[in-house]
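Examination of the molecular architecture
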Amino acid sequence: MNVPFLDLKTQNSSLKQEILADWERILENASFIGGEYVERFEEDFAQACNTSHCVGVGSGTDALRFIFIALGLEPGDEVITVPNTFIATTEAISQAGGKAVFVDVDSATYNIDPSKIESAITPRTKGIVPVHLYGCPADMDALHVIAQKHNLWVVEDACQAHLAEYKGKRAGSLANAAAFSFYPGKNLGGCGEGGAVTTNDKGLSNKIQMLRDHGQSKKYHHEVEGYNGRLDALQAAALTVKLRHLPAWTAARRRHATQYREYLSSLDNIVLPFEPEYAKHVYHLFVILINNRDLVLEQLQEKGITAGLHYPVPLHLQKAYSHGNQPSGSFPVTEGCAERLLSLPMYAELSDEQINYVCTELKNCI
Ligand SMILES: *Cc1c(COP(=O)(O)O)cnc(C)c1O
């Protein structure tokens, strides 16, 4: 049997007619930039996140960067985040003029460890960026207590957490603003690049609308220098179609996670993902911890199963951040995860037989 890590083709073929009908209209009207499809998607996605504003942008990275710029980050300002994330989180901080300051993660959720934040705060600290890693929300109440005490903003990196919930509230509505990615492999993925900012702050939303469009308040009137970072109509149309299916796809991911747990819970040399009481995890990835990880990865591949690594090299050990002089040992929980984590195949279209097969082969090789 073959179990790919991700199967986008099945999803695309089931939605092809619906998406192509909208794309045909866009082609006929040549309305590629802005317009009704973008506006409708922004409305629908704001509603899905339970926020008053959504601004469609070019990517999740744009979303993060525009939020940090709109919040007024200045050179030398520090922003606290984690070293076990995709580099886009910290690229956006640096490119907005700030400096990313790492704190280690919690060994149960792999999300930012609130108890380690206060010792990283300095007079230059402006904000905290929790990453809802793998689709599990960070412990937001604990972060807000610290943020209030030190007068910091909080921005969610929700790029892996579409429809995730914290104490019954949707990811995207849990802080000053949130960044989402619609990269094709995300829980809600477009047919190319895309992203969005959600917020309840009208002023911030207005600034981001300008930033994505060359700082324009109206055509050829530029309040500030901005960027070319818009969500395009073709992506917005495809995302609007897909968003209607997202609740069902999310439920399917959660069912698959339950099935994985049932099969794997008897194995005491595997650590299964933790779903805290406060969270509705949306399983962008189903990540286990295992000792002989590299060997298992290879053996699964020989059986036709593709697993993944998210992420094998923590950010503080990347060449791009070697100037930070944070050697191996600086963030032990993150480093331990990087050596032992393994992402099993996870997507809505995965079948029971495929999950059984993955679990059986995994048992055989550990
Ligand atoms: C995917 C991702 C991003 C970046 O999104 P792009 O749309 O690829 O720019 C940022 N942060 C995290 C945690 C991500 O997974």
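Summarised in this report is the structure supplied together with it. (Residues numbered from 1 in each chain as written. Predicted model: local features only at pLDDT ≥ 70, side-chain atom pairs only at ≥ 80, totals over all residues. Heavy atoms only, no water.)

1. A word on the side chain of K186
Counting through the fold element by element, K186 comes out in the loop between β8 (177-181) and β9 (195-199). Look at K186: it is buried, it has no salt bridge, and the nearest opposite charge is D157 at 6.9 Å. Sequence-distant contacts of K186, defined by excluding residues within four places in its chain, comprise C159, H162, S181 and H284. (Helix = DSSP H or I, 4+ residues; strand = E, 2+ residues; numbered from the N terminus. Buried < 20%, exposed > 50% of the residue type's maximum accessible area, 1.4 Å probe, protein only. Lys, Arg positive; Asp, Glu negative; His and termini not counted. Salt bridge = Lys/Arg side-chain N within 4 Å of Asp/Glu carboxyl O. Contact = heavy atoms within 4.5 Å.)

2. Points about the site of the ligand
Near the ligand, the surroundings consist of 15 residues, among which G60, T61, D157, S181 and K186 are the closest. Within the side chain of K186, one N or O atom sits 3.0 Å away from an oxygen atom of the ligand. The fraction of the free accessible surface of the ligand (380 Å²) that becomes covered by protein chains is 93%. For the shell around the ligand, the class distribution of residues is 5 nonpolar, 8 polar and 2 charged. (Near = heavy atom within 4 Å. Polar contact = N/O pair within 3.5 Å; in protein donor to acceptor, adjacent residues only side chain to side chain. Areas by Shrake-Rupley, 256 points an atom, 1.4 Å probe, with all protein chains shown as cover. Nonpolar A, V, L, I, M, F, W, Y, C, P; charged D, E, K, R; others polar.)

3. Description of helix α1 (residues 8-29)
An α-helical turn contains 3.6 residues, so any two residues separated by three or four positions project in the same direction. Residue K16 marks the point of greatest curvature in α1, where the axis turns by about 60°. For α1, the complete set of buried residues consists of Q11, L15, I19, D22 and I26. Those residues of α1 that are buried lie in contact with α2 (36-49) and α7 (233-264). Where α1 starts, the residue carrying a side-chain oxygen 3.2 Å from the main-chain nitrogen of K9 turns out to be D7. (Bend = angle between axes of the 7 residues up to and from the residue.)

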